[in-house]
Amino acid sequence: MAERHHPLRGAASIIGVGSTDYAALKVRSEAVPPLDLAAMAIDAALADADLARADIDALTTMGLPWDQLAVREGLRDLRVTVEYAAGGRWVVPALQHAVQSVAAGSADTVLLVLALSRLATYEDSAAPGTNTLFEAMHAMGGPAAHSALMARRYSHEFGDCSAALRQVARSNRANAALNPAAVFRQPMTDADYDGARLIAEPLRLFDYCMVNDGAVALIVTNTPAGPAGRAVAIGGLAASADQGAHYSAADFYHRPSQAAAAEMFAMAGLAPSDIDLIQIYDNYTPSVLFALDGFGFTPRGEAARFVEAGHITRDGSLPLNTSGGHTSEAYMQGMNLVAEAVRQLRGEAGERQISGAQTACYMCVTPMAGGCVLWT
Amino acid sequence: MAGTARLWSWTTFHREYFAGYPLAPPYTVLMVELTEGVRMLATLPTDIDPACLYCDQPMQFRAFELEPGASIPGFAPIS
């Protein structure tokens, strides 16, 4: 049977990316208001796409009030507006909506913006999240604790994954060393990792994403006719939510990840073996293993061995989080990872450029999994 | 109910998450699967060293008195 061509395969493209200098913001003594951070990223994305504010006719915000941002930025006559919570799981739904909006003609040029500031009411990533009463009575501290439980179980079922987690943290740090905007760039040795304090054991400090100030903006439009130029097409994307037992399920990640991956790769007409580099939402390092297995980059249970073999380093067969990821570049909840994928595919990643990268995949695994395939 | 379970996984907290929680870190939270099939969180009684835990270990219900008059579900290894 001939392969069915998905009508939206490659139909929309990311034509502009902008982000703040996370390293510079980290050393500022005073926090920057989120709308100011958003403005920095928007300016950069518009300049990158060679567009003016008047060209934007749809606005999607993550962790920001869209109306305040629209007034502040002079964005008028918006045809589509959406406001998501900040969170890596919302990146793919936000992109889905943008793709559908431009494909349907509801909008021509969608601006997506995420900003996170210490002045906003967001939480320390190691602090309690949305806890149920049953979690609170045991002082079960947030989603990281469930990642810790799952990592230990993963080790039990598939073999010790502690060396792989260390490898992820060190590989991210080595990538960040080549990224002037990354927050944490100093080299990390095995001893540095092993010597860091335990938080939710078996997770250590360097298994956790950071908390930092910053913003990322993306501009999505219909894929331009003719040569791609600097446009990076959205080849396929899909999400799958399974909130039934949320994080307390025996396996909160694998089933939704597999469902999202099947639809994403079918839409793109590609397989994991066609992907040149990957960006994984590493809120905690075990998420990398869960995503590699869940999205089919490795057979089930082999992600840790794959990582230990060095495949995910910048010199490996499948470079991961090439700007430093959420543990070393910035925690912009997935958006900085998408921006990095675009920069790599354009060949604009500077010192950290992976030569010849033509396809990339962003993945986020939580009880709501999502992924997108980008290509040039 | 049998009051028995197997230990699915556990995590030991090394920092304080909730100000005023009666247990000071480190404390250990278990995810157990009851013999009846239900999964639940439980606290490891503080007289037990988490170093003795392993996945799928047989466990027995033992209420843990968090503070006077307030007990929460706990499980301990069946020795």
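Residues numbered from 1 in each chain as written. Chains lettered and ligands numbered in written order. Predicted model: local features only at pLDDT ≥ 70, side-chain atom pairs only at ≥ 80, totals over all residues. Heavy atoms only, no water.

**Student:** Help me get a handle on the overall build of chain A, residues and values and all.
**Tutor:** Of regular secondary structure, chain A possesses 13 helices and ten strands. Relative to the globule expectation of 21 Å for 376 residues, the C-alpha radius of gyration of chain A, 19 Å, shows essentially globular dimensions. Taken along the three principal axes of its C-alpha coordinates, chain A extends 60 × 55 × 45 Å. Considering only intrachain contacts with a sequence separation of at least 6, the fraction spanning at least 24 residues in chain A is 75%. Total accessible area on chain A is roughly 13,700 Å²; 52% of this is exposed by carbon and sulfur atoms. Across chain A, the mean location of the 26 positive side-chain charges is 2 Å away from that of the 39 negative side-chain charges. (Helix = DSSP H or I, 4+ residues; strand = E, 2+ residues; numbered from the N terminus. Rg over C-alpha atoms; globule rule 2.2 N^0.38 Å. Contact = heavy atoms within 4.5 Å. Areas by Shrake-Rupley, 256 points an atom, 1.4 Å probe, with all protein chains shown as cover. Lys, Arg positive; Asp, Glu negative; His and termini not counted. Charge placed at Lys NZ, Arg CZ, Asp CG, Glu CD.)

**Student:** Please provide a residue-by-residue account of the interface of chain B and chain A, values included.
**Tutor:** Of the residues lining the interface, 25 residues belong to chain B; the matching set on chain A comes to 28 residues. Carbon and sulfur atoms make up 62% of the surface buried where chain B meets chain A, a total of about 2,300 Å² over both sides. Applying the counting rule to chain B against chain A returns one salt bridge. In this structure, the salt-bridge partner of Arg-153 of chain A is Asp-56 of chain B, at a minimum N-O distance of 3.0 Å. Our enumeration of links across chain B and chain A arrives at 13 residue pairs in polar contact (both at pLDDT 80 or more). Those elements that place two or more of their residues in the side of chain B that touches chain A are strand 1 (4-13), strand 2 (27-34) and strand 3 (39-43) of chain B. (Buried area = accessible area lost by both parts, 1.4 Å probe. Salt bridge = Lys/Arg side-chain N within 4 Å of Asp/Glu carboxyl O. Polar contact = N/O pair within 3.5 Å; in protein donor to acceptor, adjacent residues only side chain to side chain.)

**Student:** Residue-level account of the pairing of strand 5 (residues 64-67) of chain B, with values.
**Tutor:** All names here are of chain B. Here strand 5 runs beside strand 6 (residues 70-72); their pairing, made up of three bridges, is antiparallel. Note on strand 6: the bridge partner recorded for Glu-65 is Ser-71. Where strand 5 hands over to strand 6, the hairpin turn is made up of two residues, of which Gly-69 adopts a positive phi near 85°. (Pairing = 2+ DSSP bridges.)

**Student:** Provide a residue-level description of the sheet that holds strand 6 (residues 214-222) of chain A, including the pertinent values.
**Tutor:** All names here are of chain A. On the basis of which strands lie adjacent, the open sheet formed by nine strands has the order 3-2-4-6-1-7-10-9-8 and mixed pairing. On the outer flanks of this sheet lie strand 3 (80-84) and strand 8 (277-280), each paired with one strand and no other. Each strand of the sheet is rotated relative to its neighbour by a mean of 25°, with strand direction disregarded. As judged from the five bridges shared by strand 2 (residues 58-62) and strand 3, these two strands associate in the parallel manner. Opposite Ala-58, over in strand 3, you have Val-80 as the bridge partner. Along the sheet face, helix 4 (residues 91-104) touches strand 1 (12-19), strand 2, strand 3, strand 4 (109-116), strand 6, strand 7 (232-241), strand 9 (359-364) and strand 10 (368-375) and points at about 125° away from the line of strand 7. (Axes fitted to C-alpha atoms, helices over the stretch in contact; angles between N-to-C directions.)

**Student:** I'd love a proper account of the nonpolar core, names of residues and values included.
**Tutor:** By size, the foremost hydrophobic cluster in this structure holds 62 residues, and its most contacted members are Ile-278, Leu-289, Leu-292 and Phe-297 of chain A. Among the nonpolar cores identified, the runner-up in size contains 51 residues, and Val-102, Leu-114, Leu-237 and Met-335 of chain A belong to it. (Core = buried A, V, L, I, M, F, W, Y, C linked by side-chain atoms within 4.5 Å. Buried < 20%, exposed > 50% of the residue type's maximum accessible area, 1.4 Å probe, protein only.)

**Student:** Give me the packing of helix 2 (residues 34-49) of chain A against helix 3 (residues 66-73) of chain A: which residues, what numbers.
**Tutor:** All names here are of chain A. Close contact between helix 2 and helix 3 brings their axes to 11 Å; oriented N to C, the two are set at 60°. Between helix 2 and helix 3, the crossing angle belongs to the class labelled oblique. As for how helix 2 packs across helix 3, the hand of that crossing is right-handed. Across the interface between the two elements, Leu-35, Asp-36, Ala-38, Ala-39 and Ile-42 of helix 2 pack against Gln-68, Leu-69, Arg-72 and Glu-73 of helix 3. Here the residues of the contact of helix 2 with helix 3 are counted per class, giving five nonpolar, one polar and three charged. (Parallel < 35°, antiparallel > 145°, perpendicular 65-115°, else oblique. Left-handed = near helix turned anticlockwise from the far one by under 90°. Nonpolar A, V, L, I, M, F, W, Y, C, P; charged D, E, K, R; others polar.)

**Student:** Report on the packing of aromatic side chains, specifying residues and quantitative values.
**Tutor:** The description of an aromatic ring pair uses the distance of the two centres, along with the angle that the planes make with each other. All names here are of chain A. Per the counting criterion, the structure on display carries eleven aromatic pairs over all chains. Ring geometry for Tyr-281 against Tyr-331: centres 6.1 Å apart, planes inclined by 50°, an arrangement best described as tilted. Taken together, the positions of Tyr-281 in the loop between strand 8 and helix 10 (286-294) and Tyr-331 in the loop between helix 12 (325-328) and helix 13 (335-346) put the pair 50 residues apart, joining distant regions of the chain. Neither residue differs from the other here; Tyr-281 and Tyr-331 are each classed as buried. Among the aromatic side chains, those forming a connected cluster through ring pairs are Tyr-154, Phe-158, Tyr-253 and Phe-290. (Phe/Tyr/Trp six-rings, centres within 6.5 Å; stacked < 30°, edge-to-face > 60°.)

**Student:** Hey, could you go over the confidence of the model for chain A for me, with residue numbers and the actual values?
**Tutor:** Confidence along chain A averages 92 in pLDDT terms, with 94% of residues attaining 70 or more. pLDDT under 50 marks residues 121-128 of chain A. Its contacts with residues more than four places away, or in other chains, come to 25 contacts. (pLDDT = per-residue confidence, 0-100.)

**Student:** An account of unusual backbone geometry is needed here, citing residue identities and associated values.
**Tutor:** Here Glu-201 of chain A and Pro-202 of chain A are connected by a cis peptide whose omega angle stands at 15°. Of note, Pro-202 of chain A is situated in the loop between strand 5 (200-201) and strand 6. Across the junction of Pro-25 of chain B and Pro-26 of chain B, the peptide omega takes the value -5°, indicating a cis bond. Here Pro-26 of chain B shows up in the loop between strand 1 and strand 2. Positive phi outside glycine occurs at Ala-139 of chain A, with the angle close to 55°. Counting through the fold element by element, Ala-139 of chain A comes out in the loop between helix 5 (133-136) and helix 6 (142-158). Among the residues examined, Ala-139 of chain A registers a relative accessible area of 0% and is labelled buried. Although it is not a glycine, Asp-56 of chain B sits at a positive phi angle of roughly 75°. Within the element layout of this structure, Asp-56 of chain B appears in the loop between strand 3 and strand 4 (58-61).

**Student:** Lay out the environment of Ala-63 of chain B with the relevant residues and their values.
**Tutor:** Residues and elements named next belong to chain B. Along the chain, Ala-63 turns up in the loop between strand 4 and strand 5. Here the alpha-carbon distance between Ala-63 and Pro-45, two residues 18 residues apart in the chain, equals 8.3 Å. Filtering out sequence-adjacent residues up to four positions away, Ala-63 remains in contact with Ser-71, Ile-72 and Gly-74.

**Student:** Residue-level account of the state of the cysteines, with values.
**Tutor:** All names here are of chain A. The final tally for this structure, using the stated rule, is zero disulfides over all chains. Considering cysteine sulfurs only, Cys-372 is the nearest to Cys-361, which forms no disulfide, with 6.7 Å between them. With relative accessibility at 1%, the residue Cys-361 sits in the buried group. (Disulfide = S-S within 2.5 Å.)

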